[in-house]
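# Structural description and commentary
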Amino acid sequence: MKPVNFDYVRPRDVEGALRFIANDERAVKIMAGGQSLGPMLNMRLVQPDLIVDITGIEELRQVEEKNDTVVFGACITHADIEDGRAPDVTRGALRTVARGIAYRAVRNRGTIGGSITHADPSADWISILAALGATVTLRGPEGSRSIPIENYIMGALEADLRPGEMLVSVTVPRLSAAARWGYYKSCRKTGEFAHAIGAFLIDPERDVCRAVFGATESRPIVVADARRLLGDSSAPSAGFDSRLADELVEAGGMADPIDRQIHVAALRRAVEQAGAA
Amino acid sequence: MAAQVSSGQGVGASLQRKEDDRLLRGRGQFVADIRLAGMKDVAFVRSPIAHGRVRGVHVPEELRDRVVVAADLEGVKPIQAVSGLQGFKPSDQPILAYEKVRQVGELIAMCIADTRAHAEDLAALVELDLEELPAVHDMLAARQPGAPLLHEQWGDNIFLETFVDVNMEAALDAPIKVTREISTARQSMAPMEGRGTVAYWDNRMGQLVLYTGCQMPHIVRTGLAECLGLDHHQVRIISPDVGGGFGYKGILLPEDVCLGWFAMRCGHPVRWIEDRREHLTAGANCREHHYRITGYADRDGRLLGIDCEATVDSGAYSSYPFSACLEAAQVASILPGPYDFPSYRCRTWSVATNKCPILPYRGVARTGVCYAMELVIDAIAREVGMEPHEVRLKNLVRPEQMPFDNITRKHFDSGDYPEALRRAIAAIDVPAIRARQARPEPDGRLIGVGHAIYCEQGAHGTSVYAGWGIPMVPGHEQATARMTPDGGLELRVGVHSHGQSMETTLPQIAHEILGIDVAKIKLVHGDTEYTPYSTGSWGSRCAVMAGGAVATASREIAKLAEGIGAHLLQAKIDQVELVGGAVVGPSGSVTLEEIARTWYRRPQNLPDGVDPRGLEVTIGHKPVRDSGTFSYAAHAAVVAVDPELGDIEILDYVIVEDGGKLINPMVVDGQIFGGLAQGIGTALYEEMNFDASGQPLASTFADYLLPGPTEIPAPRLEHMETLAPYTEFGVKGIGEGGAIAPPAVIGNAVNDALKRYGVELLHTPMTPRRVLEAIRNAPVREDRGPEAMENMRGEFA
Ligand SMILES: Cc1cc2nc3c(=O)[nH]c(=O)nc-3n(C[C@H](O)[C@H](O)[C@H](O)COP(=O)(O)OP(=O)(O)OC[C@H]3O[C@@H](n4cnc5c(N)ncnc54)[C@H](O)[C@@H]3O)c2cc1C
């Protein structure tokens, strides 16, 4: 379990990185925290000629707080968010979720951009960011584009990253003061990837109510208008419609009844958590 | 004769571990820390398939000097671990595969390069021409006629079948009869440090030197010498610090033989450090048992008989030295556990499958046996409507029966099993749990309480092993004790510590007898060149056997020192006595320092008739009876089961343990905690799965789950002390016990929690999915959709 020989560069800016990535004669791989790429290199599942380490790029380590959003550079680490070095406009949602990702050693290095692009369906950022309505910004030879995170994730380990592109930032909407969220990760041991995730946001002032079934076999199942899961009641948990939730995950491609059961339960618990908040 | 004044360092003292000074500072030396000039790295080409015919192994011409294949290994013998039990079919485990491969990960070629990465590059260039054969990965299927055959000449896939019947007929019309099919998953041992070997040929000594983290250096030397056709003096095994063994590091691996063979020819050191993928998929497999077991009882819970068919998945080969039938054949003899009942029948099969050889793992067969037996006892209790502990109390061997020969003629040396159970039941507070269960939990979870009791036969010796006829039969355990000129002491033993703290505990024993400061007593172990022959560390034997040998040797040293002391004090031998590190006579005393100085450096002060043995002895030891010590424990646990997600949380865990005299209680607690963690792994997390073609499905710790610190509860631990009648100080072996009971305890607690559904979980690990499947298949619930879950929550609201 040792990688093949590869060359290594650590450019100083995004343009420099893009120049290396544009090279299509050699197999090039971007490395951020290396927490997912490292094992894949060691198992020789990827055998690049060149590794472009992007953690030396200042722009990707920036956080910009705006009126209604915050923009995280791709190389902000899980620990940056956990420790509050990066501002949190989500009423604690991101910080809480960060704390439950892997182990501290992984969080010290693992980045938000790397986690999303790796596109492991069980990754925590993907589910919570989809619930919050985040978008990702990609830059490449044709310039920049921004898309909702759930569109970026195309399937298991498959992100919509075009040749020559890299993810530069993640934009997260600021929640209003009355917003409530819930996040439930079902896993068997601390630091393990999830077997089911429920993520939920209700932000009446902004007229947003979103739910996510995460840790599926593929893309997260996003319910953009999640009010219908709550029945008529204004108290979220009282009327959680488990049958509808079950239909939604089934329609989302989940055939196994036990899988559906734990995903529905995870979401219901997230909704209850939001109700209690 | 030597007498002792209490110093707080002897037997019974919770002395801090001497080895921790280097280990906790990161200054230990493990195989992978060893750097030798010119050393090269090895990577193996391994079989990618579970079963196939080897049609060709193509090595590019330019790599011929750096790649070794089976044809190169002229004169090297395959590994054979034969059992003398009647009907055993031996297997040849090839060093490098030639005609056939029989498991994923089997060695096919060895590649040598300056780094492991480059060696892996070479491995990728070796082309294999394998004809895939149907594989059999399910032991019950492998037992059936018509199953694909691993070793064609056998005619079936059965290493060994055994059968015992003691008066079974008499129990068959008992009023209560419960039958269960119970199984434990295949596991991987997963010590922190995997296997690894550094090998070189020492020209000056004319010796093949092998550094390898090893529990049994002398046994591995014998096995290696036989495979390579060397004299024993031409092989030296050095086992440096060992980062956990659990049985895996007792085994002679084909990798060792390959490296040894190459090191004899290549003129430079070579090393192989097992990586985690190799460890999980190709090496350290264990535990997989299947039971079809029936318990017979009368209506008040008295056990009348046990009838069992047990199958053990032994994997592809019989591994050295314990053989492929250690587990199954032990099952037959230890299944009755600490219960006294009149009828017993057990048939066992050790079955060959296209998987890694099964290796003895901490607790060996006992974990599966305890799980099967204790689940059946609880099932009987439910059947007769009694509390499970009441059923157990009716059937456990009683203290007044000790020593007790049970139905399989196991000789229980001592103990009060009912008392251990009563204490555990009191500590876990069963009535309080029953009261709690009567009310719904606010979070909707289900509470269960369970317990189990087991005995751990340890340090079983010649009389037990002679009958097995495997390559290794333990005899007298030897120790060398020798005083140094400054009055210190060296102890040399052939067992090796892979976490047992022997650098601390064996000196404590010598201190107890000689009064020499523990800091001045050095343990030398882990090197065949420096230590007396021993079968090594396994079977919870080190404290009893090596400890007993150290005690015996220390007493000899005491006598010798008294002899010299008497000369110096001009007294008669029967007028002197060694007390607290000095020989005391009628008119004064002389310290051990002075005695050692005189013997080694001032011999002119000794008379002609002085005992020529000086201050050095090597002597063997056996307990008064070598049928083994019987430590035992009762464990009890409270769990909460989440019926929606299937998660199981351990809320409380109690252990009441009797290990006889504890040499160092802190060390014993550590052994029990560590074992408990592994037992919880067996119960809830660890599982090595295979697909239909025999491919192992877990190749990293992302797929093979181990419990971590947050999954292990802090157990409440109580000790009882019934001295073993046959051993030095009354010590009993306790090294494996912690790992034996947890699957049974947690299984019984989970089944208690799930009683309302009328279902039981009978397979480890008890994963969320297995919990949920059991609930969904429950006979008492018709509606199984999400609505039903919602309704169920309503029941508690
Ligand atoms: C033991 C362990 C446990 C874990 N548990 C969890 C968990 O519970 N929950 C969870 O969510 N995650 C978990 N992870 C994953 C962890 O969060 C990783 O850090 C994360 O998935 C990858 O981030 P990284 O920065 O390390 O990316 P890298 O490993 O460096 O890269 C991952 C992939 O993304 C690409 N990439 C990285 N950055 C960019 C970019 N800016 N633009 C384009 N492509 C890019 C790389 O080329 C590579 O293909 C765990 C990891 C480990 C090792």
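Up top is the structure.
Residues numbered from 1 in each chain as written. Chains lettered and ligands numbered in written order. Predicted model: local features only at pLDDT ≥ 70, side-chain atom pairs only at ≥ 80, totals over all residues. Heavy atoms only, no water.

## What about helix H7 (residues 124–132) of chain A?
Residue and element names in this part refer to chain A. Using the following cut-off: Exposed residues in this analysis have more than 50% of their type's maximum accessible area, buried residues have under 20%, and partly exposed residues fall in between, with area computed by a 1.4 Å probe over protein chains only. For the purposes of this entry, the term helix denotes a DSSP run of H or I that reaches at least four residues, the term strand denotes a run of E that reaches at least two, and both are numbered from the N terminus.
Counted residue by residue, H7 has 9 buried out of 9 residues, so it is predominantly covered. Of all the residues in H7, the buried ones are Asp124, Trp125, Ile126, Ser127, Ile128, Leu129, Ala130, Ala131 and Leu132. Downstream of H7 by one or two residues, glycine 133 has phi in the positive range, about 80°.

## Quick look at the interface of chain B and chain A
One frequent convention defines the size of an interface as the accessible area lost when the parts assemble. Our working rule: Here a residue-residue contact requires only that any non-hydrogen atoms of the pair lie within 4.5 Å. Two parts placed together each lose some accessible area; with a 1.4 Å probe, that loss summed over both constitutes the buried area. Every case where a carboxyl oxygen of Asp or Glu lies within 4 Å of a side-chain nitrogen of Lys or Arg is listed as a salt bridge. Any pair of nitrogen or oxygen atoms within 3.5 Å is treated as a polar contact; in protein, a donor-acceptor pairing is required on top of that, and neighbouring residues in sequence qualify only through side-chain atoms on both sides. Throughout, the ten residues Ala, Val, Leu, Ile, Met, Phe, Trp, Tyr, Cys and Pro are labelled nonpolar, Asp, Glu, Lys and Arg are labelled charged, and all others, Gly among them, are labelled polar.
The partner chain A presents 27 residues to the 33 residues of chain B that form the contact. Contact between chain B and chain A buries roughly 2700 Å² in total, counting both sides, with carbon and sulfur atoms accounting for 48%. Put simply, chain B and chain A have 7 salt bridges between them. The interface formed by chain B and chain A contains 17 residue pairs in polar contact (both at pLDDT 80 or more). Looking at the side of chain B that touches chain A, the elements that each hand over two or more residues are helix H2 (116–125), helix H6 (276–283), helix H16 (665–685), helix H18 (768–776) and helix H19 (786–796) of chain B. Residue composition of the side of chain B that touches chain A, by class: 12 nonpolar, 5 polar and 16 charged.

## Quick look at the site of the ligand
Residue and element names in this part refer to chain A. To be explicit about the condition: Whether a residue is near a molecule or strand depends on its heavy atoms: it is near if one of them lies within 4 Å of it. Computed by Shrake-Rupley with a 1.4 Å probe, the accessible areas treat only the displayed protein chains as cover when residues are assessed.
In the neighbourhood of the ligand, 31 residues make up the surrounding shell, with Ile30, Gly34, Leu37, Thr111 and Asp124 lying closest. Measuring from an oxygen atom of the ligand, one finds a backbone N or O atom of glycine 33 at 2.8 Å. In the model, an oxygen atom of the ligand is placed 2.7 Å from a nitrogen or oxygen of the leucine 37 main chain. Contact with the protein chains hides 91% of the accessible area of the ligand, taken as 960 Å² for the molecule alone. Only strand E2 (28–31), helix H6 (112–118) and strand E10 (166–173) provide two or more residues apiece to the shell around the ligand. Ranked by residue count, the leading element in the shell around the ligand is H6, at 4 residues. Among the residues forming the shell around the ligand, the class breakdown is 15 nonpolar, 12 polar and 4 charged.

## Observations concerning the sheet that holds strand E16 (residues 303–313) of chain B
All names here are of chain B. Heads up, the condition is: In this analysis, strands are considered paired if DSSP registers two or more bridges between them. Lines fitted to C-alpha atoms define the axes here, with helix axes fitted over just the stretch in contact, and angles between the N-to-C directions of these axes take values from 0 to 180 degrees.
The sheet built from 5 strands is open, its strands ordered E7-E17-E16-E15-E8 with mixed pairing. Among the strands making up the open sheet, the edge pair consists of strand E7 (158–166) and strand E8 (176–184). Each neighbouring strand pair of the sheet contributes to a mean axis angle of 5°, computed without reference to strand direction. Where E8 lies against strand E15 (residues 289–297), 9 bridges are found, and the strand directions are antiparallel.

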